Amino acid sequence: MSGPDDAVWMARAVEAAESVRGRTSPNPWVGAVVVPDGTVAGAGTAAGAGFIGATAPPGGPHAEVTALAAAGTSARSGTMYVTLEPCAHQGRTPPCTDAIIAAGIRRVVVAVEDPDPQVRGRGIDVLRSAGIDVEVGETAAAVRAQLAPYLKHRRTGCPWVVLKLAATLDGGTAAPDGSSRWITGEAARRDAHRLRSQVDAVVVGAGTVRDDDPSLTVRLPAGDPWYRGPDEQPLRVVLGRIPPGAAVEPALECDGDLDDILARLGDRGIVQVLVEGGSRVAYAFHSSGLVDRYVLYLAPALFGGNDARPLFAGPGAATIDGLWRGRILSVTSLEGDLRVELSPADD
């Protein structure tokens, strides 16, 4: 049975997981909190808010092990809150279930089960077999949303696809002469870099590389929580041939069916991709139903005509009944621009 503080402690585990998003793939970004026996939310512990852990990059400790190491002997007879089912198999690191059992944890609260074929309920079964009380489902909806890219990758083998678009309020992405830089302001561009920092790969078409020569790197100041150093940059993927001397290099060239390309990226351990353009590539992903999330940055500007380049280059709905309809998940003001996040209606 859930206790009155379970939602509070799990929320802290969710915060810990978010702090490492984009840095753990192909492993999931997981947070864990160890709460000593008798501690109540709000009173805190020697650590101020439980003993917190988050998953390290591949090869490093998982969130459960990090939280247990911080807790030390305080973990005995305590409760662990973890956003994803602990693993019970030997991978790059030993099973987390072994560490939990050895630490003497009395109760484990899990937000969601892990669909990975190597886990899929085994972690929960092992803990229960060891006499540990395991409860599943606390804050499950929020964690499923947070881990949606990982959950999709484990279920389908393909990465989660985010399509990023920037336009004026009348839907223009570039002037008729092709000039398109800085439609949005600095705050929106900074947010787009943070979005880029959360993914494993950035995808553009060869036409965008030829026209704009983007580097597609994360460029944020070192103090930003989403900062990425030179060795932490997402994989850059170009659909088509890369012209000599392009700033996007080193990058992966891909040709062929988009479904096949996504499957190949998934095989490489790519859990999340960000599609950044251009309009033909955006249309190809959208019209094929391959987009899991849309992020639109809208500037308070108008081209004021019908000759600006559109968001999508290709035939649209022929009738009003054929409109693509989704759900608006959030609308955020970014110093004058708007950030609109959408999902498909059936998501």
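Residues numbered from 1 in each chain as written. Predicted model: local features only at pLDDT ≥ 70, side-chain atom pairs only at ≥ 80, totals over all residues. Heavy atoms only, no water.

### Comments concerning the confidence of the model for the chain
What counts here: A score between 0 and 100, pLDDT records how confident the predictor is in each residue. Two residues form a contact once any of their heavy atoms are found within 4.5 Å.
Per-chain confidence: the chain averages 92 in pLDDT, with 96% of residues scoring 70 or above. Predicted confidence is poor over residues 43-47, with pLDDT under 50, and the contacts of this stretch with residues over four places away or in other chains come to five contacts.

### Digging into the state of the cysteines
Quick note on the threshold: Criterion for a disulfide: a pair of cysteine sulfur atoms at a distance within 2.5 Å. Each residue is placed in one exposure class: buried if its accessible area under a 1.4 Å probe, protein chains only, is under 20% of its type's maximum, exposed if it is over 50%, and partly exposed if it falls in between.
One pass over the structure, following the stated rule, counts zero disulfides. Cysteine Cys87 is unpaired, with the sulfur of Cys96 as its nearest cysteine sulfur at 3.7 Å. The exposure class of Cys96 is buried, given its relative accessible area of 1%.

### Brief notes about the environment of Val295
For clarity, the threshold we go by: Helix numbers and strand numbers start at the N terminus; a helix is a DSSP run of H or I with at least 4 residues, a strand a run of E with at least 2.
Looking at where Val295 falls in the secondary structure, it is placed in strand E12 (residues 293-299). Sequence separation between Val295 and Leu84 is 211 residues; the distance between their C-alpha atoms is 26 Å. The contact partners of Val295, leaving out residues within four places of it in the chain, are Val162, Leu163, Lys164, Leu165, Leu195, Arg339, Val340 and Glu341.

### A closer look at the side chain of Thr208
Relative to the helices and strands, Thr208 is located in helix H8 (residues 206-212). A relative accessible area of 15% means that Thr208 is categorised as buried. Other than its neighbours up to four places away in sequence, Thr208 contacts Asp213, Pro214, Gly277 and Gly278.

### Things to note about a nonpolar patch on the surface
The cut-off we apply is this: Residues enter patches when their relative accessible area tops 30% and they take part in no salt bridge; the joining distance is 9 Å for like charges and 5 Å for the nonpolar side chains Val, Leu, Ile, Met, Phe, Trp and Tyr. Here, Shrake-Rupley sampling with a 1.4 Å probe gives the accessible areas, and only protein chains in the shown set may cover a residue. The salt bridge criterion pairs a side-chain nitrogen of Lys or Arg with a carboxyl oxygen of Asp or Glu, the two atoms within 4 Å.
A cluster of nonpolar side chains, contributed by Ile328, Val331 and Leu338, occupies part of the molecular surface with about 270 Å² of accessible area. Position of Ile328 relative to the elements: it lies in strand E14 (residues 326-334). Judged by its relative accessible area of 57%, Ile328 is exposed.

### So, the side chain of Ser197
Tracing the sequence through the fold places Ser197 in helix H7 (residues 186-197). When near neighbours in sequence (up to four residues on either side) are disregarded, Ser197 contacts Gly22, Arg23, Val218, Trp226 and Arg228.

### With respect to the pairing of strand E1 (residues 31-35)
What counts is decided by this rule: Two strands form a pair only when DSSP identifies at least two bridges running between them.
Within E1, five of the five residues are buried, which leaves it mostly tucked inside the rest of the structure. Residues Gly31, Val33 and Val35 point to one face of E1 and Ala32 and Val34 to the other, with burial holding for every one of them. Sheet topology note: the E1/strand E2 (residues 51-54) ladder contains four bridges and is antiparallel. Residue Ala32 lies in a different strand from E2, and its bridge partner there is Gly53. When E1 meets strand E3 (residues 79-84), the two strands line up antiparallel, connected through four bridges. Bridging across to E3, Ala32 finds its partner in Val82.

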